[in-house]
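Chain and residue survey
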Amino acid sequence: ILKLNGYSFCPISKDSICAYSQSRGVMMASPKMRVAVGQHPGNDKEYLDFALQLGCEGASFQTPDIKGDVKWDAADVKAYLAPVHAAGVKVESFENVPNHFYDKLMLGLPGRDAQLENMKSTIRALGEAGVPILGMHWMPQIVWRTDMGHFGRGGSYVSVYDHSVVLDRSRDSEIWVARRDERDVNLKDTFTRGSFVKLGVDTLTVDQMWANFEFFIKGIIKTCEESGVVICFHPDDPPAQELHGIARILTSVDNLERAMSIVDSPNLKLELCLGTVSEMDGENSVMDAVNRFAPKNKIAYIHLRDVEGKFPLFKECFLGEGNYKPYEVIKALHKHGYTGSILDDHTPTLTGDSAYGHRGRAHAIGYIQALIEVVTNN
């Protein structure tokens, strides 16, 4: 029972909180679908200014630069967030911890129990610091591409994936891997050519990957609930069944639903990257995912990007020229009452752009903001 100045409400609900607020003459804004900036590790003034200048109230932080060899402590998370709060920017989410925080958990290797305890400690630290969402992935090898270049509209710089390159082991040196642990400030989206993650195993089956995932979810979820932190997972990019002998499991909408059914908890959701879902089966899989998970409140936040083509061959592109119609996605999200954040992601690099991609990201953010305004005002 919630008791506030003599008022009692049970159960706690949005309506009861609003009733109390209105009785005290306080108006509370309802949650709404919104755009946030993302994919940046720092809390620097340039990033925070970028968010505010684009009219974004909040920001997500990608593998944030917080000290810690095996976990994060609350004091360090709070220190990291101090300039964010000072700038008046809302903390929407943290996206990813360093891979070595939980690589043994993904791979089922000795030492995973210690990593599980450290991940619990990290989640408690995030909760104490007021970080509401932790986005993660279940890809030991992370994200792969097979080419980068000026292949996009007007010669914009985009990535390409061609599975035939991956199948030809003589072409391993051509593969680009998103290595955030080897971050190069001059490279877009942290892709590094030919730099594979050293795993310590040669093969992992689908059944092993699911078993490892289930072990992690069941081991972590109570801590998430107690700490008030939503944990969410990114679909596998690319959605290949395996890469060089390592199975991938979050490769279809049905598999995403299986992942969400491992435990019944409001603190387990999807980090729904619609670009990756578009790689699965284009518009069909994107609309299926939105219409399947939004009504169940199983989407923590969204990456709104797209590709032309689908697995095994696709190319990243500007919003509006890919497999699905962004307007229809926003319309469906609004219909289903989605009130989370939407991030741009993997935007094409424009002429004169920065390594972070300020120009391409500003274009995508403005595009999404306009769609939200049109849909929600009609």
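The notes below deal with the structure included here.

With that out of the way, let us pick up the overall build of the chain. Looking only at helices and strands, the chain features 11 helices and 19 strands. Relative to a compact globule of 378 residues, whose C-alpha radius of gyration would be 21 Å, the chain shows 20 Å and is just as compact. Along the first, second and third principal axes, the C-alpha atoms of the chain reach 75 × 50 × 40 Å. For the chain, buried positions account for 54% of its 378 residues. Sequence-distant contacts, at least 24 apart, represent 70% of the contacts inside the chain between residues at least 6 apart. Of the roughly 16,200 Å² that the chain leaves accessible, carbon and sulfur atoms contribute 51%. Each charge class in the chain can be summarised by its mean position, and for the 40 positive and 49 negative side chains these summaries are 5 Å apart.

Time to look at helix α3 (residues 74-86). Across its 13 residues, α3 extends 18 Å between first and last C-alpha, which sits within 8% of the 18 Å expected from 1.5 Å per residue. In α3, a bend of some 30 degrees at Tyr-80 exceeds every other bend along the element, and Pro-83, a proline, comes one to four places later. Looking at α3, one finds that the buried residues are Ala-74, Val-77, Tyr-80, Leu-81 and Val-84. Those residues of α3 that are buried lie in contact with α2 (45-53), β4 (58-62), β5 (90-95) and α5 (112-129). Following α3 by one or two positions, Gly-88 adopts a phi angle in the positive range, close to 80 degrees.

With that settled, consider the pattern of salt bridges. Following the criterion strictly, the structure yields 25 salt bridges and no others. Its salt-bridge partner being Arg-305, residue Asp-237 comes within 2.9 Å of it at the nearest N-O pair. Separated by 68 residues along the polypeptide, Asp-237 in the loop between β12 (230-233) and β13 (242-243) and Arg-305 in the loop between β16 (299-303) and β17 (306-310) bring together distant segments of the chain. Look at Arg-305 and you get buried, because its relative accessible area is 3%. For the salt bridge of Arg-305 with Asp-345, the shortest nitrogen-to-oxygen distance reads 3.0 Å. Of the two residues, Arg-305 sits in the loop between β16 and β17 while Asp-345 sits in the loop between β19 (341-343) and α11 (358-376), which places them 40 residues apart along the sequence. The exposure class assigned to Asp-345 is buried, which follows from its relative accessible area of 5%. Overlapping salt bridges bring together Arg-145, Asp-237, Glu-279, Arg-305, Glu-316 and Asp-345 as one network.

Cut-off values and rules
- Residues numbered from 1 in each chain as written.
- Predicted model: local features only at pLDDT ≥ 70, side-chain atom pairs only at ≥ 80, totals over all residues.
- Heavy atoms only, no water.
- Helix = DSSP H or I, 4+ residues; strand = E, 2+ residues; numbered from the N terminus.
- Rg over C-alpha atoms; globule rule 2.2 N^0.38 Å.
- Buried < 20%, exposed > 50% of the residue type's maximum accessible area, 1.4 Å probe, protein only.
- Contact = heavy atoms within 4.5 Å.
- Areas by Shrake-Rupley, 256 points an atom, 1.4 Å probe, with all protein chains shown as cover.
- Lys, Arg positive; Asp, Glu negative; His and termini not counted.
- Charge placed at Lys NZ, Arg CZ, Asp CG, Glu CD.
- Expected span 1.5 Å × (residues − 1).
- Bend = angle between axes of the 7 residues up to and from the residue.
- Salt bridge = Lys/Arg side-chain N within 4 Å of Asp/Glu carboxyl O.

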